[in-house]
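Notes for the structure review
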Amino acid sequence: MLKVASFDIVFQEIPGEVTLALNLSNCPCHCPGCHSQHLAEDIGEEVNEELLNGLLARYGSMITCVAFMGGDAEPEEVAKWAEWVKSRALKTAWYSGRTSYPRNPKVLDYLKLGPYIESLGGLKSEKTNQRLYKREDDSWIDITSVFWKKNLAN
Ligand code: SF4
């Protein structure tokens, strides 16, 4: 089962979206230099309809997207709950630490792939190995460079 260790309303993780980011625990990736090592633990509240309905009742009117941050141990569960979110007319995103596409990517509007490698940095680093994709019809468009343009503007 997926568990939410914490959540935030975020503005930069998914460009152009106001996102409810669900930080999922039980991360199996163990990236050296991980910025959120507590997410390797089995902590938090189970993702179920009660939890998601409660979050959407509180934040649904201010968000445009729900992002599953992690959950790589149970990709089918991420797909299941992403489909549930999509049926509520919200966009969906998955921040995965893996390098390959999930089996059912059509339930996602955005997909981040790639483990965190400290020497290369996260999405805001132009050296990063990580990629953020936006789905347009059946194609995935690499939009990672949006983060770098923001860096130039700052
Ligand atoms: S995928 Fe994210 S949370 Fe998991 S080990 Fe890597 S950096 Fe940490």
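Structural notes, computed from the coordinates. This structure is a prediction, so every number in the text was calculated from the model and none was measured.

**Points about the nonpolar core**
- The biggest cluster of nonpolar side chains holds 30 residues, and the ones touching the most others in it are Leu22, Ala67, Phe68, Ala82 and Ala93.
- Of all the elements in the fold, those that place two or more residues in this core are β1 (3-10), β2 (19-24), β4 (65-69), α2 (75-86), β5 (91-95) and β7 (131-136).
- Residues within four places of alanine 67 in sequence aside, it is in contact with Glu13, Ile14, Thr19, Ala21, Leu22, Ala93 and Tyr95.

**Here we look at the sheet that holds strand β8 (residues 139-142)**
- Spatially, β3-β1-β2-β4-β5-β6-β7-β8 is the arrangement adopted by the eight strands of the open sheet, whose pairing is mixed. This sheet does not close on itself; its edge strands, each paired only once, are β3 (45-46) and β8.
- With six bridges connecting them, β1 and β2 associate as antiparallel partners. What sits directly across from phenylalanine 7, in β2, is leucine 22.
- This element, helix α1 (residues 49-59), spans β1, β2 and β3 of the sheet and lies at about 15° to β1.

**Details of unusual backbone geometry**
- Its identity as a non-glycine residue notwithstanding, asparagine 26 has a phi of 60°, on the positive side.
- Here asparagine 26 is to be found in the loop between β2 and β3.
- Judged by the 19 C-beta atoms lying within 10 Å of it, asparagine 26 falls in the partly exposed class.

Criteria and thresholds
Residues numbered from 1 in each chain as written. Predicted model: local features only at pLDDT ≥ 70, side-chain atom pairs only at ≥ 80, totals over all residues. Core = buried A, V, L, I, M, F, W, Y, C linked by C-beta atoms within 7 Å. Buried ≥ 20, exposed ≤ 12 C-beta atoms within 10 Å, placed from the backbone. Helix = DSSP H or I, 4+ residues; strand = E, 2+ residues; numbered from the N terminus. Contact = placed C-beta atoms within 7 Å. Pairing = 2+ DSSP bridges. Axes fitted to C-alpha atoms, helices over the stretch in contact; angles between N-to-C directions.

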